[in-house]
Amino acid sequence: MKDLKDLSFATRQIHVGKQKNSVGALCDPIYMTSTFAFDSVEQGGRRFAGEEDGYIYTRLGNPSQRAVEEKLASLEGGEDAAVTASGMGAISSTLWSILKQGDEIIAEEALYGCTFSLMSHGLSEFGVTAKFIDMSSLDNLKNALSEKTKVVYFETPCNPTLTVIDIEEAAKIAHEYNPEIKVIVDNTFCTPYVQRPLSKGADIVVHSATKYLNGHGDIVAGAVISDAEFIQKVKMFGMKDMTGSIMSPFNAFLLARGMKTLDIRMERHCANAMKIAKFLESHPAVKKVYYPGLESFEGHKTALKQMDLMGGMMSFELKADRDQVAAALNKLQLCIVAVSLGDAETLVEHPASMTHSTYSSEELASAGISEGLVRLSVGLEDPDDIIADLKEVLDPLAK
Ligand SMILES: *Cc1c(COP(=O)(O)O)cnc(C)c1O
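So, how was this worked out
- Residues numbered from 1 in each chain as written.
- Predicted model: local features only at pLDDT ≥ 70, side-chain atom pairs only at ≥ 80, totals over all residues.
- Heavy atoms only, no water.
- Pairing = 2+ DSSP bridges.
- Helix = DSSP H or I, 4+ residues; strand = E, 2+ residues; numbered from the N terminus.
- Salt bridge = Lys/Arg side-chain N within 4 Å of Asp/Glu carboxyl O.
- Buried < 20%, exposed > 50% of the residue type's maximum accessible area, 1.4 Å probe, protein only.

The mixed open sheet is built from five strands, whose spatial order is E8-E9-E12-E11-E10. For this open sheet the edge positions go to strand E8 (286-290) and strand E10 (336-337), each flanked by a neighbour on one side alone. Pairing of E10 with strand E11 (residues 347-349), which is carried by two bridges, proceeds in the parallel orientation. Across the sheet, the residue bridging to Val337 is Val348, located in E11.

As structure tokens, this is what we get:
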């Protein structure tokens, strides 16, 4: 038998991370404790000094968190991982661990709304500047890099335009300019089953584990995966001192549980999405479909290069004004109007008034987020039922 670390994705998502317990429980117990007893004052001292392994206090580590960290590090192909209270907790703990006054971030302009807000409004208060560029053409990245650049940050496919960014090329350009630059990829839309940015040259992967990784819509959670040295910095500075954004042991248990079925859920999300994208593309009320799996989509070739499947997320534009779009979404019976994504339920939302309302109208236009854009997180229902629901509200718009 090979080592567990060399076994396939399906096996590792189930077996990696199991912690030892005294009664042989199949599933790790939930270590619902804030602190850990030391055998002696001397032992406590050694643990604080880093001379002895062992738990101290749950903001510094807990076996329930450790179980998911080991699983995530293995699946993303990183040396180590840190789990956090939310995706924003992962992103802010990561950025606080790298940046100081006078530094600069270069980011793709289509970003998760709160990431955009953190960079454009939050970090600027502390003397960090962010340049937002269109990374679908990497010449823009070449031109934007400067002595001050410490971070290159993007999602791919981007939220909500599904723009695909070539991870390997972007990392090469950034590192050729300065090997110290940290290339950070938000892999929330794909999960490691679909795309592994570290294998393409990225330095750090961040996640909103709220979404596909957990997959059941019942927790808010985040994660950072990178080399062991950087993860130590995130844990012992970014999280311990700067954000305190730690995952509760209960949420860690649920996340480890959700991740045991990641591959089969992603297979179904992606297969359903492909079918629905083709339906939407052929519907006369639809102006444009943004889905990496469609040959007509601009980023299709790059997607084939770096994604194993084409994902469960898409956006589409209707031949209708904002009010007609809202009226159509309000009539859906099966698809649920809600933000978030990656759940068993199909979720539909209007980025301009919801997830991306942190953008001004000029910023929305520049990032290609139109008033008529609708984002769809395809669920695990029967795809024909989802299509029937969409068809019923789209048909009247085609007349
Ligand atoms: C939801 C989301 C986030 C933020 O994660 P939270 O868990 O809500 O804090 C970051 N990036 C992407 C791409 C997301 O979809």
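This brings us to unusual backbone geometry. Pro157 follows Thr156 through a cis peptide bond whose omega is -10°. If you trace the backbone, Pro157 turns up in the loop between strand E4 (149-155) and helix H7 (167-177). For the bond running from Asn159 to Pro160, omega is 5°, close enough to zero to count as cis. Relative to the elements of secondary structure, Pro160 occurs in the loop between E4 and H7. With phi around 60°, Leu162 is a residue other than glycine that occupies positive phi space. Among the structural elements, Leu162 can be located in the loop between E4 and H7. Positive phi is not limited to glycine here, since Ser340 has a value of about 75°.

As enumerated under the stated definition, the model contains 20 salt bridges in all. The closest approach of N and O atoms between Arg66 and Asp80, which form a salt bridge, is 3.2 Å. Of this pair, Arg66 sits in helix H3 (residues 63-76) while Asp80 is found in strand E1 (residues 80-84), placing the two residues 14 residues apart along the sequence. Overall, the relative accessible area of 11% leaves Asp80 in the buried class. Salt-bridge contacts for Arg322 lead to Glu371; the nearest nitrogen and oxygen are separated by 2.8 Å. Separated by 49 residues along the polypeptide, Arg322 in helix H13 (residues 322-330) and Glu371 in the loop between helix H14 (361-366) and strand E12 (373-377) bring together distant segments of the chain. The class of Glu371 is partly exposed, set by a relative accessible area of 40%. Residues joined in a network through salt bridges with shared partners are Arg66, Glu69, Glu70, Asp80 and Lys235.

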